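# Examining the three-dimensional arrangement
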Amino acid sequence: MGSLTSPKVIKNIIERHGFKFSKSLGQNFLIDSNIVEKIIEGANISEEDNILEIGPGIGTLTKELVTKAGKVVAVEIDRGLLPILNETLGSPSNLTIVQGDILKLDIKRLVKDYFEGQDFKVVANLPYYITTPIIMRFLEEDLPFTALTVMVQKELAQRMAASPNSKEYGSLSVAVQYYTQPQLVCKVPSTVFMPRPKVDSLVITLNRLDHSPAEVKDEKLFFSIVRAAFAKRRKTLLNNLVAENLGDWDKAEITKILEEVGIDPQIRGESLGIKEYALIANRMGIRS
Ligand code: SAM
């Protein structure tokens, strides 16, 4: 078998297995070995690492991962890819392929069963249609991951890494940066996929933080304030917080709270960093 990034090799394999690309499953396979290398480098993998790969496809990244990591578990939703993975990867002792939907699988159980509950890293060329829910699941579910190295749509990576006062900055930036430190790895043009998607991509590593950048007493309230603050980007912070009806506060009370924590009610949500949102949430939390 030739290289798994060769379009000729891919065509041959998928034809022999009668496999058809599914657009709805976000199946765009990598056909560039340099990008594969950059993803592997960006993930900074050592022999001790446990790796969870999401969506191995025909095994292009997986093949490299098994040579670098201690253990690899790859979760693939499409049963039609299992015989292909069997052919392309064989059965290395450090690899387990799990058929399932990463949004529905019990990941805690999986980590316990395969990684003995130890830390792990996620590496994935993610299916575009569910990138945000997958990332949010890892961030919010208290899973022992140390880093996520993922290929995502360019605009999404920019939003995750954005700083306050930029047009990309929003509630996703706050959520991602509350848990991790994003680091852009490389740009990826649409030409390196088969079939070619309409968008360009970026590889980004989200390094888990030991502590969030600010102490937050009630995370649920914190995130509902953040979401409310960005609900209508042209509205002021005050008007968004009032309109989104976060409990029983009226306009005068919210104005007072913002002034008490030293935040101008007339600014927009995009000017505030995580620390400022934490100040508002912790102050509002006294009465919620
Ligand atoms: N890793 C391969 C590569 O880089 O060439 C394939 C990447 S392709 C963009 C996304 C892969 O995720 C596909 O194999 C697709 O079947 C799989 N997938 C889509 N939805 C999934 C889900 N909910 N759970 C697990 N895998 C999924």
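Reading guide: rules and limits
In every chain, residue numbers begin from 1 and rise along the written sequence. Residue-level local features of this predicted model are given only where pLDDT is at least 70; pairs of side-chain atoms are given and counted only at 80 or more, and the full residue set underlies all totals for whole chains, interfaces and linings. Excluding hydrogens and water, the side-chain figures rest on all heavy atoms present in the structure. Should a side-chain nitrogen of Lys or Arg be within 4 Å of a carboxyl oxygen of Asp or Glu, the pair is scored as a salt bridge. Residue burial is assigned from relative accessible area. The probe radius is 1.4 Å, only protein chains are included, and a residue is buried under 20% of its type maximum, exposed over 50%, and partly exposed in between. Each Phe, Tyr or Trp ring (for Trp, its six-membered ring) is paired with any other whose centre lies within 6.5 Å, and the angle between the two planes then decides the class: stacked below 30 degrees, edge-to-face above 60, tilted in between. The rule for a charge over a ring is simple: NZ of Lys or CZ of Arg within 6 Å of the ring centre, and within 35 degrees of the ring normal. Throughout, the edges of the domains are those of an automatic or database domain assignment. Whether two residues are in contact is decided by their heavy atoms, any of which lying within 4.5 Å being enough. Here the buried area means the combined drop in accessible surface, using a 1.4 Å probe, for two parts upon being joined, counting both sides. Throughout this description, a polar contact denotes any pair of N or O atoms lying within 3.5 Å of each other; where both atoms belong to protein, one of them has to be capable of donating a hydrogen while the other can accept it, and for residues adjacent in sequence the pair is counted only when both atoms sit in side chains. Classification used: nonpolar for Ala, Val, Leu, Ile, Met, Phe, Trp, Tyr, Cys and Pro, charged for Asp, Glu, Lys and Arg, polar for all others including Gly. By convention in these notes, a residue is near a molecule or strand provided one of its non-hydrogen atoms lies within 4 Å of it. Where accessible areas are quoted, they stem from the Shrake-Rupley method and a 1.4 Å probe; at the residue level, only the protein chains shown are allowed to cover. Numbered from the N terminus, helices here are DSSP runs of H or I no shorter than four residues, and strands are runs of E no shorter than two. Any two strands are treated as partners once DSSP identifies two or more bridges connecting them. Angles shown run from 0 to 180 degrees and are taken between the N-to-C directions of axes, each axis being a line fitted to C-alpha atoms and, for helices, limited to the stretch in contact.

### A few points about the pattern of salt bridges
Side chains carrying opposite charge are able to pair once their charged atoms draw close together. Applying the stated rule across the entire model yields 10 salt bridges. In this structure, lysine 104 engages aspartate 101 in a salt bridge whose closest nitrogen and oxygen atoms are separated by 3.9 Å. Judged by relative accessible area, lysine 104 falls into the exposed class, the value being 71%. Measuring nitrogen to oxygen at the nearest pair gives 3.3 Å for the salt bridge that ties glutamate 168 to lysine 167. Overall, the relative accessible area of 27% leaves glutamate 168 in the partly exposed class. When its relative accessible area of 71% is taken as the criterion, lysine 167 is described as exposed. Connected through salt bridges with shared partners, the residues Lys256, Glu260 and Arg283 form a single ionic network.

### What to know about the packing of aromatic side chains
For the coordinates displayed, the defined rule picks out 13 aromatic pairs. Here phenylalanine 222 and phenylalanine 223 contribute two aromatic rings whose centre-to-centre distance is 4.9 Å and whose plane-to-plane angle is 75°, an arrangement assigned as edge-to-face. Residue classification places phenylalanine 222 among the buried residues on the basis of a relative accessible area of 0%. Residue phenylalanine 223 is classed as buried on the basis of its relative accessible area, which comes to 12%. A network of ring pairs unites the aromatic residues Phe115, Phe120, Phe138 and Phe145 as a single cluster. The ring of phenylalanine 145 has arginine 208 lying over it, and the distance from NZ or CZ to the ring centre is 4.4 Å.

### Quick look at the domain arrangement of the protein chain
We note that the domain assignment places domain 1 (7–208) and domain 2 (219–287) within the protein chain. Using only C-alpha atoms to locate each centre, domain 1 and domain 2 end up separated by 35 Å. Taken together, the 12 residues of domain 1 in the interface contact 14 residues of domain 2. Here domain 1 meets domain 2 over a buried area of about 1,000 Å², counting both sides, of which 64% is carbon and sulfur. On the domain 1 side of the contact with domain 2, Tyr169, Val174 and Tyr178 bury the most area, a combined 49% of that side's loss. In this assembly, domain 1 and domain 2 are joined by zero salt bridges. On inspection of domain 1 and its partner domain 2, the count reaches four residue pairs in polar contact (both at pLDDT 80 or more). When grouped by side-chain class, the residues that make up the side of domain 1 that touches domain 2 number six nonpolar, five polar and one charged.

### Comments concerning the site of the ligand
Near the ligand there are 23 residues, and of these Gly55, Glu76, Asp101, Asn125 and Tyr129 occur at the shortest range. The contact in question runs from an oxygen atom of the ligand to an N or O atom on the backbone of leucine 30, over 2.9 Å. Here a nitrogen atom of the ligand and a backbone polar atom of isoleucine 102 are 3.0 Å apart. A total of 590 Å² of accessible area belongs to the ligand in isolation, and the protein chains cover 99% of it. At the level of elements, strand E1 (29–30) and strand E3 (71–76) are the ones that each hand at least two residues to the shell around the ligand. For the shell around the ligand, the per-class residue count stands at 12 nonpolar, seven polar and four charged.

### Focus on the sheet that holds strand E4 (residues 95–99)
The pairing of strands in a sheet happens through backbone hydrogen bonds and is either parallel or antiparallel. The strand order across the open sheet formed by seven strands is E4-E3-E2-E5-E6-E9-E7, and the pairing between neighbours is mixed. Taken across any chain shown, the strands that pair with only one partner, and hence form the sheet edges, are E4 and strand E7 (180–188). Strand-to-strand, the axes of this sheet are offset by a mean angle of 20°, without reference to chain direction. For E3 and E4, the ladder comprises five bridges, and the chain directions are parallel. Within E4, the residue paired with glutamate 76 across the bridge is glutamine 99. Contacting E3 and E4, helix H4 (residues 82–89) crosses the sheet at an angle of about 170° to E4. Sheet contacts for helix H6 (residues 131–140): strand E2 (50–54), strand E5 (120–125), strand E6 (145–153), E7 and strand E9 (201–208); angle to E6, the most-contacted strand, approximately 170°.

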